[in-house]
Amino acid sequence: MSIPFSNTHYRIPQGFGNLLEGLTREILREQPDNIPAFAAAYFENLLEKREKTSFDPAEWGAKLEDRFYNNHAFKDQEQTEKCEQEMAKSSGREETPVTAFEESAEEEREKEEFAALKIQSAFRGHVAREEVKKMKSDKGDQEKEEDNE
Amino acid sequence: MPLPDTMFCAQQIHIPPELPDILKQFTKAAIRTQPVDVLQWSAGYFSALSRGDPLPVKDRIEMPVATQKTDTGLTQGLLKVLHKQCSHKQFVELKDLEKKWKNLCLPVEKFRAILELDPCDDKMEWIKFLALGCSSLGGTLNTAMKNVCEILTADPEGGPARIPFDTFSLIYQYLASLDPEISASETETYLATLREKSESRKNGMIGLSDFYTGKTSG
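Residues numbered from 1 in each chain as written. Chains lettered and ligands numbered in written order. Predicted model: local features only at pLDDT ≥ 70, side-chain atom pairs only at ≥ 80, totals over all residues. Heavy atoms only, no water.

A look at the overall build of chain B
Let me state the cut-off plainly: Here a helix means four or more residues in a row that DSSP labels H or I, a strand means two or more in a row labelled E, and each is numbered from the N terminus. A simple rule labels every residue: compare its accessible area, found with a 1.4 Å probe on the protein chains alone, to the largest value its type can have, and call it buried under 20%, exposed over 50%, or partly exposed in between. We call two residues contacting when some pair of their heavy atoms lies within 4.5 Å. With residues, only the protein chains shown are counted as cover, and all accessible areas are computed by Shrake-Rupley using a 1.4 Å probe.
When helices and strands are tallied, chain B shows ten helices and four strands. Secondary structure elements of chain B occur, N-terminal to C-terminal, as α-α-α-β-α-α-β-α-α-β-α-α-β-α. Counting all 218 residues of chain B, 41% fall into the buried class. Pairs at least 24 residues apart make up 57% of the contacts formed inside chain B by residues separated by at least 6 positions. Summing over all exposed atoms, chain B offers an accessible surface of approximately 12,100 Å²; the carbon and sulfur share of this is 54%.

What follows is the structure, encoded as structure tokens:
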């Protein structure tokens, strides 16, 4: 993969990473005995395909890379995806159980939060009361000691 | 080794021991050569590799020097690559040469244009094609000869770029004969002076400094 902020003199050719990846995958899959011959056949095949369908894997890879590094391309995509989701929500029936589940989950969470608050306050009150009791008993002890003297 | 039918983890994939090196050399060659059409070039690279031919790889990276006026995609580095691939034979078959030309992502029109300078059937002396290629790099006959010297020399890059005088005079005569503005007698006298120089000092070799004095010389 070419990195735009690397030394520009030694840039990897556009789309090369994609070709390399494809070649490696096919070699690992086929396990040929003569790798150079296999690679030559592989690229000849790709060239033929390109002439027939005008699909260039290198160009395609270059485009992918470009989109990866120029983030605004993704922003557009996200927006359309969101729109699609909203459309699906408003129209699709399949979505409803999911959203219902989400809502119930949210309610549950609210309940839990409330319960947690209650438990925490109760426990704090308990601790405070314990302390007060201790203080009282300490005072009582001291008084007793004083009486003994 | 055939792969097992069921894959459970990446360790089951058998990586051929020679594969990493092949991929590494391939990548280095690509970075160095900077082909315009990676796919076409890769096909050429591996077909040369599988046949044991010299690879279509530049010795070192070449900065793009083309201007709009002379941009044909052909550079000295690319001619040198072709020279490496073809020079082991005296004659090259034009079909084979055209294939190598295409694999370097050069336009076929340019190839045809070069051949029109000296039409021949299906075989051509490599040295002649090289000379025509150098002259089509642009500039005068002298700059063409400079390119020829830099490609043919055995000296290290940036050195005096010496070549045998016989080769030099052969190419010079050939190129001069194609140029109607240069008369045969002119060529003879020019080569005679150069011959004296080279024979007296450099045991039959001629270098850049003997005939090429920068851009001003014509």
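Quick look at the environment of Asp 210 of chain B
Residue placement: Asp 210 of chain B occurs in helix α10 (residues 208–211). The exposure class of Asp 210 of chain B is buried, given its relative accessible area of 8%.

Describing a nonpolar patch on the surface
The condition that has to hold: Patch membership is restricted to residues that have no salt bridge and whose relative accessible area is over 30%. Joining uses 9 Å for like charges and 5 Å for the nonpolar side chains Val, Leu, Ile, Met, Phe, Trp and Tyr. When a carboxyl oxygen of Asp or Glu is within 4 Å of a side-chain nitrogen of Lys or Arg, the pair counts as a salt bridge.
Taken together, Phe 55, Trp 60 and Leu 64 of chain A make up a surface patch of nonpolar side chains, about 310 Å² in accessible area. By the secondary structure assignment, Trp 60 of chain A is in helix α3 (residues 57–69).

A word on helix α1 (residues 16–30) of chain A
To keep it simple, the criterion reads: Multiplying 1.5 Å by the residue count of a helix minus one yields the expected span of that helix.
For α1 of chain A, built from 15 residues, the straight-helix expectation of 21 Å at 1.5 Å per residue is met to within 8% by its first-to-last C-alpha distance of 21 Å. Along α1 of chain A, the residues that are buried comprise Phe 16, Leu 19, Leu 20, Gly 22, Leu 23, Thr 24, Glu 26, Ile 27 and Leu 28 of chain A. Where the residues of α1 of chain A are buried, they touch α2 (35–53) and α3 of chain A together with α1 (19–33) and α2 (38–51) of chain B. With its phi angle positive at about 50 degrees, Gln 31 of chain A sits one or two positions after the end of α1 of chain A.

A look at the interface of chain A and chain B
Here is the rule we go by: Accessible surface is computed with a 1.4 Å probe, and the buried area is the amount of it that two parts give up when combined, taken over both parts together. Two N or O atoms count as a polar contact when they lie within 3.5 Å, although within protein this holds only if one can serve as hydrogen donor and the other as acceptor, and sequence-adjacent residues are included solely when both atoms are side-chain atoms. By the convention adopted, Pro, Cys, Tyr, Trp, Phe, Met, Ile, Leu, Val and Ala count as nonpolar, Lys, Arg, Asp and Glu as charged, and the other residues, Gly among them, as polar.
On the side of chain B, 28 residues touch chain A, which itself brings 29 residues to the contact. Together, the buried faces of chain A and chain B total about 2,400 Å²; carbon and sulfur atoms form 77% of this surface. Across the contact surface, chain A and chain B share one salt bridge. Linking Arg 50 of chain A and Asp 37 of chain B is a salt bridge whose minimum nitrogen-to-oxygen distance equals 2.8 Å. For the pair chain A and chain B, the interface holds two residue pairs in polar contact (both at pLDDT 80 or more). Secondary-structure elements contributing two or more residues to the side of chain A that touches chain B are α1, α2 and α3 of chain A. For the side of chain A that touches chain B, the element with the most residues is α2 of chain A, which contributes ten residues. Residue composition of the side of chain A that touches chain B, grouped by class: 19 nonpolar, four polar and six charged.

Quick word on the packing of helix α3 (residues 76–86) of chain B against helix α7 (residues 141–152) of chain B
All names here are of chain B. Threshold: Axes here mean lines fitted to C-alpha atoms, for a helix over just the part in contact, with angles spanning 0 to 180 degrees between N-to-C directions. Each angle is binned into one of four classes, with values under 35 degrees roughly parallel, values over 145 roughly antiparallel, values of 65 to 115 roughly perpendicular, and all other values oblique. It is the rotation of the near helix from the far one that decides the hand of a crossing: anticlockwise by less than a right angle makes it left-handed, clockwise makes it right-handed.
Where α3 meets α7, the axes come as close as 10 Å, and the angle between the chain directions of the two elements is 50 degrees. If you check the angle between α3 and α7, you find them oblique. Handedness of the α3/α7 crossing: right-handed. Contact with α3, carried on its side by Gln 76, Leu 79, Lys 80 and His 83, involves Asn 147, Glu 150, Ile 151 and Leu 152 of α7 and no other residues of that element.

Some thoughts on the UniProt feature "domain: RIIa" (unreviewed entry) in chain A
This is how it is decided: UniProt positions are given in the numbering used here, feature names are shortened, and annotations may be inferred rather than shown by experiment.
Listed under "domain: RIIa" (unreviewed entry) in the UniProt record, and renumbered for this structure, are residues 14–51 of chain A. From the first C-alpha to the last, residues 14–51 of chain A spans 19 Å; its make-up is 84% helix and 0% strand.

Some details on the nonpolar core
The cut-off we apply is this: Note on terminology: a nonpolar core comprises buried Ala, Val, Leu, Ile, Met, Phe, Trp, Tyr and Cys residues joined through side-chain atoms within 4.5 Å. A domain assignment, automatic or from a database, supplies the domain bounds used here.
Within the largest apolar cluster, 72 residues are counted, with the highest numbers of intra-cluster contacts made by Phe 43 of chain A together with Phe 168 of chain B. Split by domain, this core shows at least three residues from each of two domains, domain 1 (18–59 + 72–126) and domain 2 (139–218) of chain B. Those residues within four positions of Phe 168 of chain B in sequence are excluded, and the remaining contacts are Met 145, Cys 149, Ile 163, Leu 191, Leu 194, Ile 206 and Phe 211 of chain B.

Observations regarding the confidence of the model for chain A
What counts, and what does not: On a scale of 0 to 100, pLDDT captures the predictor's confidence in every residue.
Residues of chain A with pLDDT of at least 70 account for 64%, and the chain-wide mean is 75. Segment residues 92–98 of chain A is flagged for pLDDT under 50; beyond a separation of four residues in sequence, or across chains, it makes three contacts in the model.

Remarks on the environment of Pro 107 of chain B
All names here are of chain B. By the secondary structure assignment, Pro 107 is in the loop between α4 (94–103) and α5 (108–117). Accessibility expressed as a relative area gives 31% for Pro 107, which makes it partly exposed. The sequence separation of Pro 107 and Leu 74 amounts to 33 residues, and the corresponding C-alpha distance is 8.8 Å.

Thoughts on the pattern of salt bridges
All names here are of chain B. Applying the stated criterion across every chain yields a total of eight salt bridges over all chains. With its nearest N and O atoms 3.0 Å apart, the salt bridge here joins Lys 100 to Asp 96. In this pair, Lys 100 and Asp 96 are both assigned in helix α4, four residues apart and thus about one turn of the helix distant. Residue classification places Asp 96 among the partly exposed residues on the basis of a relative accessible area of 26%.

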